[in-house]
Amino acid sequence: MEAEEATIHFQMPGPTLTFQNVRYFVNLKRKFLHRNAEEKEILKDISGIMKPGMNAILGPTGSGKTSLLDVIAGRKDPKGLRTGQVLVDSEIVNADMRMRSAYVVQDDILMGTLTVRENLEFSANLRLSRIEFSAEDKKLKVNAVIRELSLQDCADTKIVFSLFSKHIGTDFIRGISGGERKRCSIGMELITSPSLIFLDEPTTGLDANTANSLMRLLHTISRKGKTVIFSIHQPRYSIFQQFDHMTLMNKGEIIFAGAPDKALGYFEKAGYKCEAFNNPADFFLDIINGEIPPTLDTPTPGLQTNALVSCEDKNKLAFYYRQSEFYSEVEETLRKRPCSSVPKQHGFRDKDVYATPFFYQLLIVSLRTMKNILRNPQTSYAQLALNIFFGVLVGLIYYQIPNTLPEAIQNRVGAFFFLVINMVFGNLSAVELFINERVLFIHENTSGYYRTSTYFLSKVFADLIPNRIFPVFLFSAVSYFMMGMKNEVEAFFLYAFTLSMVSMAAVSLAFLVSASVRTFAVANVLIALPYVFMMVFGGFLVNLNAMLNWMSWLKWISIFRYGLNALTINEMKGQLFYSNTSTTTGEEYMDQQGIDYSPWAFWQNEVALISISCVCMVFAYIQLWRVNRWK
Ligand SMILES: Nc1ncnc2c1ncn2[C@@H]1O[C@H](COP(=O)(O)OP(=O)(O)OP(=O)(O)O)[C@@H](O)[C@H]1O
């Protein structure tokens, strides 16, 4: 038991985090015909010190709590940081530091189809080094976290309502509660035994009691010497009492930072009196919101006479704080602090800082993807059902195509067009893939769970191939024999191979769109347009020889054209069609259509389809890699 306890207890005492003269700007939308985007200063020259214990960042909505938390956690784009620096002990926050600290986001980002334990195991498997932790150690660690966070009762319950399974969550399947979900999110981070923990509004969306017990939990963690820093909106008194340090914010500036028990005295000196039985946290917010007027008869030591009145154009409370002894103390400490000369970093990740090797990550992430598909079978069943349905449909429409003219050629060509349309448009749903998981991917990737390449390849191996390629063989088997195509084993396999290559090219294009945009609406337009263009330039709807020269190049990137040509060569070659008066061969038909039917020409079409797939995949990967990780 003791050994188990030891696994969750953190190895190092928490660090002291300091920030000095931090000014942070964000770009607002660029105005029409204006070259430069307008900027807004959201953190205005602020400094502070946060030591091991409970550090709360309080303030009304829009005061800059989350911005400050993100900047000090190193999650905000450093381009916006105009002046100042953040140090953890004496080191500048860098990628390595980010990996060693924990950041719990406001919206719980968990894989909904997995249970609490499986989510924690996923985190443990990827974020604990295999050299230092055996499989048994990881299990002990997960158990210890479950016990520490009192998650025993729901350890084997699925999350279900979280993030991207929201759309499949039904009234019949109740997942874990909001408080349990939040504790699970915290547990995902505690697995690595971080000594510095950031939480963005951990109590938002929780009822009073759940919020209270969650804060008690954080308090317990902080008492083990950890530095817990969190933003919070309006805490009740029992929560407020647990703070060791409080940073009060208003309009991007600090209006008080120090021990909460000193804050009431501080504001009293500034002329604000808290009434008996009033919650101090509410009282501070009321002051900021201007709901409590100052009574300025009280002398304000260390401050020029009536400073609160004279600084008309400034944030008066922030101005007052800068004159106070609290601020002088912070400045004095910051002046004395040592600082290492680590260069400023610009990218999200300076070096490879993952705990586990590439192939191990690929295995773990692929297993989770498969588990997710199996437990969320709508997509895979739908794909399978769709393929069987269309296989039977096309088989019935073109049932046993005769060799008599004109049906022999007309029906075969019509069937090929139908088949390719079905393969291409049947994969429209693939645009959901990265959009659905975008938030999850960004969170896990930035938290050091896995590399971008691991995630991408797991999608290819565990999603694309089993979900999009295998069902095509089923479709091919049903449709090929119902249509009564060429009775040759080799021709059947080439037919199935061609259809799967068409499917893969269409999915790859959908992957590319999915990795490039954030919303379904834009994705649907972006994917439908090239599909339709490719269809027009496929050679079935318009004769490509009669096309305007400047447009005809489009045929070279048409999945339809390569698919139709390959299917036509495979079926028509060596066939003899006849009518009452004449006969014609498949080769004669292809000559008329300008289709080269040499063996190499057939494979050229397959190579072209594979090349389109590869190019789209490479670009999809680049797009995923370029996704903005900064908050
Ligand atoms: N990327 C951005 N673009 C424009 N304005 C921004 C951006 N990020 C933050 N802001 C602005 O900066 C201010 C502080 O935002 P922040 O989210 O830090 O506040 P907050 O105190 O956490 O608020 P809340 O409690 O509502 O989450 C707000 O006025 C917000 O509109």
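Residues numbered from 1 in each chain as written. Predicted model: local features only at pLDDT ≥ 70, side-chain atom pairs only at ≥ 80, totals over all residues. Heavy atoms only, no water.

- The protein appears in an unreviewed UniProt entry as Broad substrate specificity ATP-binding cassette transporter ABCG2-like from Acipenser oxyrinchus oxyrinchus.
- The heading Subcellular location (unreviewed entry) in the UniProt record of the protein holds the text "Membrane". (UniProt positions renumbered as here; feature names shortened; annotations may be inferred.)

What to know about the sheet that holds strand β9 (residues 245-250)
Inference 1: Pairing is mixed across the open sheet formed by 6 strands, whose spatial order is β6-β7-β8-β3-β9-β10. Single-partner strands in this sheet number two, and they are β6 (102-104) and β10 (253-258). Averaged over all adjacent pairs, the angle separating strand axes in this sheet is 15 degrees, with direction ignored.
Inference 2: Sheet analysis places strand β7 (residues 196-200) next to strand β8 (residues 227-232), joined by 5 bridges and oriented parallel. Directly across from Leu 196, in β8, lies its bridge partner Thr 227.
Inference 3: The sheet contacts of helix α2 (residues 65-72) involve β3 (53-58), β6, β7, β8 and β9, and relative to β8 the element is tilted by about 150 degrees.
Inference 4: Helix-sheet contacts for helix α9 (residues 260-269) involve β9 and β10, and the interaxial angle to β10 is about 120 degrees. (Pairing = 2+ DSSP bridges. Helix = DSSP H or I, 4+ residues; strand = E, 2+ residues; numbered from the N terminus. Axes fitted to C-alpha atoms, helices over the stretch in contact; angles between N-to-C directions. Contact = heavy atoms within 4.5 Å.)

Quick word on the packing of helix α19 (residues 489-516) against helix α20 (residues 520-536)
Inference 1: Relative to each other, α19 and α20 sit at 145 degrees, their axes nearing to 9 Å. Here α19 and α20 pass one another in a crossing that is right-handed. Contact residues: α19 offers Ala 506, Val 507, Leu 509, Ala 510 and Val 513, while α20 offers Ala 523, Leu 526, Ile 527, Pro 530, Tyr 531 and Met 534.
Inference 2: The residue makeup of the contact of α19 with α20, split by class, is 11 nonpolar, no polar and no charged. (Left-handed = near helix turned anticlockwise from the far one by under 90°. Nonpolar A, V, L, I, M, F, W, Y, C, P; charged D, E, K, R; others polar.)

Section: the site of the ligand
Inference 1: With respect to spatial proximity, 13 residues lie near the ligand, and among them Thr 61, Gly 62, Lys 65, Thr 66 and Ser 67 are the closest.
Inference 2: At 3.1 Å from an oxygen atom of the ligand is found a main-chain nitrogen or oxygen belonging to Ser 63.
Inference 3: Gly 64 is positioned with one of its backbone polar atoms (N or O) 3.0 Å from an oxygen atom of the ligand.
Inference 4: Considered on its own, the ligand offers 640 Å² of accessible surface; in the complex 63% of this is hidden by protein.
Inference 5: Listed by contribution, the elements that provide at least two residues to the shell around the ligand are β2 (39-50) and α2.
Inference 6: Here the shell around the ligand takes 3 residues from α2, the largest share from any one element. (Near = heavy atom within 4 Å. Polar contact = N/O pair within 3.5 Å; in protein donor to acceptor, adjacent residues only side chain to side chain. Areas by Shrake-Rupley, 256 points an atom, 1.4 Å probe, with all protein chains shown as cover.)

Some remarks on the pairing of β10
Inference 1: Across the 6 residues of β10, 6 count as buried, placing the element largely inside the fold.
Inference 2: Between the antiparallel neighbours β9 and β10 lie 2 residues, among them Lys 251 with a positive phi of about 50 degrees. (Buried < 20%, exposed > 50% of the residue type's maximum accessible area, 1.4 Å probe, protein only.)

Regarding the UniProt feature "transmembrane region" (unreviewed entry) in the protein
Inference 1: Residues annotated by UniProt as "transmembrane region" (unreviewed entry) correspond here to residues 382-401, 413-435, 492-513, 520-542 and 607-625.
Inference 2: What you have in residues 382-401 is 80% helix and 0% strand, and the ends, taken at the C-alpha atoms, are 29 Å apart.
Inference 3: Helix makes up 74% of residues 413-435 and strand 0%. Its end C-alpha atoms lie 36 Å apart.

Focus: the pattern of salt bridges
Inference 1: Considering all chains together, one arrives at 17 salt bridges under this definition.
Inference 2: Across the pair Lys 273 and Glu 268 runs a salt bridge whose closest N-O atoms are separated by 3.8 Å.
Inference 3: Note on Lys 273: relative accessible area 55%, which makes it exposed.
Inference 4: One salt bridge in this structure joins Arg 412 and Glu 571, with 2.8 Å as the shortest N-O distance. In this pair, Arg 412 is assigned in helix α16 (residues 407-425) and Glu 571 in helix α22 (residues 559-572), connecting sequence segments 159 residues apart. Across the pair, exposure class does not vary: Arg 412 and Glu 571 are buried alike.
Inference 5: Taken together, the shared-partner salt bridges connect Asp 108, Arg 181 and Lys 182 into one network. (Salt bridge = Lys/Arg side-chain N within 4 Å of Asp/Glu carboxyl O.)

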